[in-house]
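Secondary and tertiary structure notes
Here is what each chain is made of, one letter per residue.
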Amino acid sequence: MRVKLKFTNKGKTAIEKFSNDELIEIFSRYSNTLTKKYDVEVMVPEEANPSIIGDGSIELRLERVNCDVETFLKELSRDIKVPLVKRLGAKLDNVFKPEVIEA
């Protein structure tokens with residue numbers, strides 16, 4: 001399953017404070033942490049995310065999905081706020097909106 005996470009306006013402002021590599025690292029790390037709780041494999045492929053800030057989105061690949069994807073993504077959104085808020089120095093509501101590209 002391919003999922004595109006489209007950043008909200010405030011989310012876009014927050015990600016501008018990071019490099020592309022940092023964003024891939026953050027999403028990979030937080031996704032992998034959640035896989036301990038949710039039965040899903042998550043990859044954040046570099047080749048699918050050459051310009052996260054420019055695109056205003058990041059693509060994830062989910063495999064062996066044995067959980068509620070919507071719940072997983074809501075929790076990921078909540079967790080991702082932590083490093084974004086620290087660097088931005090301001091409160092964030094929703095960071096991104098998920099869109100399933102390929103089921």
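Residues numbered from 1 in each chain as written. Predicted model: local features only at pLDDT ≥ 70, side-chain atom pairs only at ≥ 80, totals over all residues. Heavy atoms only, no water.

1. Focus: the nonpolar core
Ranked by size, the top nonpolar core spans 29 residues in total, and within it Leu-5, Phe-27, Phe-72 and Leu-76 carry the most contacts. Those residues in contact with Phe-72, other than ones at most four positions away along the chain, are Ser-31, Leu-34, Tyr-38, Val-40, Val-42, Leu-62 and Cys-67. (Core = buried A, V, L, I, M, F, W, Y, C linked by side-chain atoms within 4.5 Å. Buried < 20%, exposed > 50% of the residue type's maximum accessible area, 1.4 Å probe, protein only. Contact = heavy atoms within 4.5 Å.)

2. So, unusual backbone geometry
Even without being a glycine, Arg-64 presents a positive backbone phi close to 50°. Inspection of the secondary structure puts Arg-64 in the loop between strand 3 (57-63) and helix 4 (69-88). (Helix = DSSP H or I, 4+ residues; strand = E, 2+ residues; numbered from the N terminus.)

3. Focus on the pattern of salt bridges
The final tally for this structure, using the stated rule, is 12 salt bridges. The partner of Arg-61 in a salt bridge is Glu-47, with the nearest N and O atoms 3.7 Å apart. Highlighted residues: Arg-61 in strand 3 and Glu-47 in the loop between strand 2 (41-43) and helix 3 (52-55), separated in sequence by 14 residues. In this structure Arg-61 comes out as partly exposed when scored by relative accessible area, which is 27%. For Glu-59, the salt bridge identified is with Arg-61, shortest N-O distance 3.6 Å. Salt bridges sharing partners connect three or more residues here, namely Arg-2, Glu-47, Glu-59, Arg-61 and Glu-102. (Salt bridge = Lys/Arg side-chain N within 4 Å of Asp/Glu carboxyl O.)

4. Comments concerning the layout of surface pockets
Computed from the structure, the largest pocket encloses a volume of approximately 160 Å³. Those elements giving two or more residues to the lining of the largest pocket turn out to be helix 4 and strand 4 (96-102). With five residues, helix 4 is the largest single contributor of residues to the lining of the largest pocket. When the residues that make up the lining of the largest pocket are grouped by side-chain class, the tally is six nonpolar, two polar and three charged. (1 Å grid on protein atoms, 1.4 Å probe; cavity = no way out; pocket = protein on both sides within 12 Å on 5 of 7 lines; lining within 4 Å. Points joined across faces, edges and corners; volume = space filled by probe spheres on them. Nonpolar A, V, L, I, M, F, W, Y, C, P; charged D, E, K, R; others polar.)

5. A few points about the packing of helix 2 (residues 20-34) against helix 4
Contact pair helix 2 / helix 4: the axes reach a minimum separation of 10 Å and the direction vectors enclose 135°. Between helix 2 and helix 4, the crossing angle belongs to the class labelled oblique. Remark: the crossing between helix 2 and helix 4 carries right-handed chirality. The segment helix 2 lies against helix 4, with Glu-22, Ile-26, Phe-27, Tyr-30, Ser-31 and Leu-34 engaging Phe-72, Glu-75, Leu-76, Asp-79, Ile-80, Val-82, Pro-83 and Arg-87. Looking at the contact of helix 2 with helix 4 residue by residue, the classes come out as nine nonpolar, one polar and four charged. (Axes fitted to C-alpha atoms, helices over the stretch in contact; angles between N-to-C directions. Parallel < 35°, antiparallel > 145°, perpendicular 65-115°, else oblique. Left-handed = near helix turned anticlockwise from the far one by under 90°.)

6. Notes on the side chain of Ser-31
Note on placement: Ser-31 falls in helix 2. Sequence-distant contacts of Ser-31, defined by excluding residues within four places in its chain, comprise Val-42, Phe-72 and Leu-76.

7. Brief notes about the packing of aromatic side chains
Centre distance and the angle of the planes are the two values used to describe a pair of aromatic rings. Evaluated as defined, the whole model comprises three aromatic pairs. Aromatic pair Phe-7 and Phe-27: ring centres 6.0 Å apart, planes at 80°, arrangement edge-to-face. Residue Phe-7 is found in strand 1 (residues 2-7), and its partner Phe-27 is found in helix 2; the two are separated by 20 residues along the sequence. On the basis of relative accessibility, which here comes to 0%, the residue Phe-27 falls in the buried class. Through pairs of rings, three or more aromatic residues link up here, namely Phe-7, Phe-27 and Phe-96. The ring of Phe-18 carries Arg-87 above its face, with NZ or CZ at 4.2 Å from the centroid. (Phe/Tyr/Trp six-rings, centres within 6.5 Å; stacked < 30°, edge-to-face > 60°. Lys NZ or Arg CZ within 6 Å of the ring centre and 35° of its normal.)

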